[in-house]
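Structural overview
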Amino acid sequence: MKKIYNNPVGESKYTGLIFVMPFVTGFILFGIYPFAMSFILSFTDSGINSSAEFIGIENFRRLLNDSDFHKAVAVTLKYILMLVPLKLIVSLGTALLLNMNIKGMGFFRTVYYIPSILGSNIAIVIMWSFLFTSGGLVNQVLEKLGIMPVSWYGESTPAMFMIVLLRVWEFGSTMIIFLSALNDIPRELYDSARVDGAGKIRTFFSITLPMLRNVIFFNLVMQSITAFQEFNAPFMITGGNPMKGTYTVSMLIYDEAFRYYDTGYANAVSWVLFTMTALFVAVLFRITRKLRSDDI
Amino acid sequence: MNYIKHGRIFLIISTLFSFLIMTSCGQTEETTVLPDGKLDKCTLRFSWWGGDDRHEATLKAIELWNKKYPDIKIEPEYGGWDGWTEKLNTQVSGDTAPDIMQINYDWLINLSKDGLGFYDLNQLSDYIDFSGYDTETLSFGMREGKLNALTVSMSGRGLFFNKNVYSEISAEIPDTWNDLISLGEKFSQYGKYPLDLDIQTGASAWYLSVVYVQQLTGKQFITMEGELGFTPEDIQTALDFYKSLEDNHVIRTVKQRAEDDGSSALYQSPKFIDGTVAGVLEWGSAVGKYQSVLDEDVLCAGNYLSSDDGNHSGWFIKPSLMYAISDNTKYPDEAGAFINFLLNDEECAEILGTSRGIPASRKAYEALENSGQLCGISYDSSQYLLDTDPVTLSPYFELSQLKEYYNIAIEKLSYGTADSKEVSEELYDKVKKYLERIK
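Report follows, based on the coordinates. (Residues numbered from 1 in each chain as written. Chains lettered and ligands numbered in written order. Predicted model: local features only at pLDDT ≥ 70, side-chain atom pairs only at ≥ 80, totals over all residues. Heavy atoms only, no water.)

With that out of the way, let us pick up empty space enclosed by the protein. All names here are of chain B. Within this structure, the stated rule accounts for 7 cavities of 30 Å³ or more. Each pocket or cavity is described by its volume, and for the largest cavity that value is around 130 Å³. As for the largest cavity, its lining consists of V152, Y323, L342, L343, A349, L352, G353, R356, G357, P359, S361 and A364. Mapped by element, the contributors of at least two residues to the lining of the largest cavity are α13 (332–344) and α14 (346–352). For the lining of the largest cavity, the per-class residue count stands at 8 nonpolar, 3 polar and 1 charged. (1 Å grid on protein atoms, 1.4 Å probe; cavity = no way out; pocket = protein on both sides within 12 Å on 5 of 7 lines; lining within 4 Å. Points joined across faces, edges and corners; volume = space filled by probe spheres on them. Helix = DSSP H or I, 4+ residues; strand = E, 2+ residues; numbered from the N terminus. Nonpolar A, V, L, I, M, F, W, Y, C, P; charged D, E, K, R; others polar.)

Written out as structure tokens, the structure reads:
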């Protein structure tokens, strides 16, 4: 057999295994092991500092009658429907702007990415929460503009919107992916379209969007998965209030495990959340199959 | 050949995986380290929560300890109250709890059901001097015959008022429930509120409503044994009382409070700092954080409210804070010696002052008395409380799940999504079922 390269660290049948071991070990310890343990614990009545007893599917049966869980699922879905489309539109819109050939564009690209770096910073979340109180900057600006102040913390939908706005503000990583995809679209396509007399709007819908369809789908899936797991922002900003209107499934898992000591039930909810996310993504794949194919 | 290679790799991975599963599912035999009669050189972790006043005092006390006992180093771990329970629970369940912990009274129920969750302090009598405690105070830390924790201070939730605001608008500090309710009208003329009650982690809205009904009926909401003492009608009376406070402009509605403060605690709220809200119901051991955001001597301790005929009963007292030692500590003697220092050492008592309320240990109490530190609003409030013949708060009262039920009930009532009868029946059922489940 012809040798095509020299292995600088010597040859052994275990060389490959040794190279991948750090990852495999980490993956087993911090990926597969907790995953498997979580599944086992979901069939127990495990609590903090107490022994776990097998209780079959009791935790899953309890889910069917748990109104808090039902509400949390509804809130999470509402959050996804509010956040994901808005974030994709804002990211794509900004990417289109930053894709223009203007001097100093590198500076603007950096500036627009900064919120994504700051986003998970607790100080920013606290600052955000102060912006929206009754005497906060947002309501002051609205008043100046002659618009009625909004009860951001007092009503469910504005409270949800406040969290959505924070996450939309962190559009940097989604935007970068769009920007990179925009750069990959061959210029000749735009040149031909211009020669054929197509305007900017026609070019956008007939060239840019179709060429971006796979990237849009990628961002759609990734953002949906992240949104399903949303915890930090509602936990820090609203605490799930008002009337549990921003209480996501991840917050319920946290409360059951760490506040009410019901880790068995928390694990069962985690598995249901995992299944819901997988199903949601599968449905997304199914309904966008035609749009993503090269036949269009 | 390839199959054999793949088979080996699979075997290695699956063996490792099975090993991990088996080691985690099996009961690991934890052996508690017994006292060895001497103090070894070591480093101990000590954790507590609180406001800045408590942090500063405790850090100074640790500094003193490190000077006196340089061989036993104390590593402080401290922070605010929010999220502290969850953090400690995670540490306890992961066997990474600090050696010495400040804990809450009700945590003993969940963290040490069988008395084995914390170190048995009775075994450390060579290092901890219990003579400053009476039997009743010691009994609060007992679980299944084991002394799991020592009470730092006995405290009750009292009313504290911004006296500058009260005098500005010529309002009297209230003595009775009716006084309090009548203050609403006067305060509303100035766009202010005489008091604040929360439905956050403190659940003070439900607390005050329960006190009102306990005084009215002589019943206890939840008994020391974890039995629900109120009927649905009693609960409805408590809820109606709460609603009357909102309706009479004594407190902000839940919605108004959320709009003003977001999810911030009251002492961080501009409405409290600027005097729009001029009163708070708070533990005597934790009032320091409210004091520290106002000018000196602005906050004063109010009376424990009574009925018009002078009935002061129904107010609660509890071991507000306790110290416990992790059952996993490798240095129980040293941890015991440090707890003794915190609770009984004169110099330490003077440094800590009333940052954790009025000390339950007689030795620390006397040290503060001799140094003239038994003063201030925390002390005033504790003295007023003793005049009311308080009831001991059941450790079940403050369980997180129950607090959540109280808060949901108050929120529903405040938002008007259900009437007090519906809410009271729902709350009664939930509390009763939960108490039956956890006992």
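Picking up where we left off.
Bringing the sheet that holds strand β7 (residues 157–162) of chain B into the picture now. Residues and elements named next belong to chain B. If you trace the 3 strands from one edge of the open sheet to the other, you get β8-β7-β9, paired in antiparallel fashion. Strand pairing shows two members of the sheet lacking a second neighbour, β8 (279–283) and β9 (299–301), which therefore form its edges. Between one strand and the next, the sheet's axes are offset by a mean angle of 35°, whatever the strand orientation. Where β7 meets β8, 5 bridges bridge the pair, whose relative direction is antiparallel. Its bridge partner being in β8, F160 is matched across the sheet by V280. On top of the sheet, helix α16 (residues 377–386) reaches β7 and β9; it is set at about 20° to β9, its chief contact. (Pairing = 2+ DSSP bridges. Axes fitted to C-alpha atoms, helices over the stretch in contact; angles between N-to-C directions. Contact = heavy atoms within 4.5 Å.)

Below, the discussion takes up unusual backbone geometry. N241 of chain A connects to P242 of chain A through a cis peptide bond whose omega is -5°. Relative to the elements of secondary structure, P242 of chain A occurs in the loop between α11 (232–237) and α12 (249–259). One non-glycine residue with positive phi stands out, namely Y261 of chain A, at about 60°. Judged by its relative accessible area of 10%, Y261 of chain A is buried. Backbone geometry places E144 of chain B, a non-glycine residue, at a positive phi of 50°. Note on placement: E144 of chain B falls in the loop between β4 (142–143) and β5 (146–147). (Buried < 20%, exposed > 50% of the residue type's maximum accessible area, 1.4 Å probe, protein only.)

With that settled, the discussion passes to the packing of helix α3 (residues 67–98) of chain A against helix α7 (residues 156–169) of chain A. All names here are of chain A. For the pair α3 and α7, the least separation of the axes is 10 Å and the interaxial angle reads 40°. Looking at the two axes, α3 sits oblique to α7. Judged by the twist between their axes, the crossing of α3 over α7 is right-handed. Side by side, α3 and α7 meet where V75, K78, Y79, M82, L83, L86, K87 and V90 of the first sit next to T157, M160, F161, I163, V164, R167 and V168 of the second. When the residues that make up the contact of α3 with α7 are grouped by side-chain class, the tally is 11 nonpolar, 1 polar and 3 charged. (Parallel < 35°, antiparallel > 145°, perpendicular 65-115°, else oblique. Left-handed = near helix turned anticlockwise from the far one by under 90°.)

Enumeration over the complete set of coordinates arrives at 26 salt bridges over all chains. With a shortest N-O distance of 2.8 Å, R252 of chain B and D196 of chain B are connected by a salt bridge. Of this pair, R252 of chain B sits in the loop between α9 (232–247) and α10 (254–261) while D196 of chain B is found in the loop between α7 (177–189) and α8 (204–217), placing the two residues 56 residues apart along the sequence. Taken as a pair, R252 of chain B and D196 of chain B share a single burial class, namely buried. A salt bridge links R252 of chain B to D260 of chain B, with the nearest nitrogen and oxygen atoms 3.2 Å apart. The exposure classification of R252 of chain B matches that of D260 of chain B, with both residues buried. Through salt bridges with shared partners, a single network forms among K244, D255 and R259 of chain A together with E86 and E404 of chain B. (Salt bridge = Lys/Arg side-chain N within 4 Å of Asp/Glu carboxyl O.)

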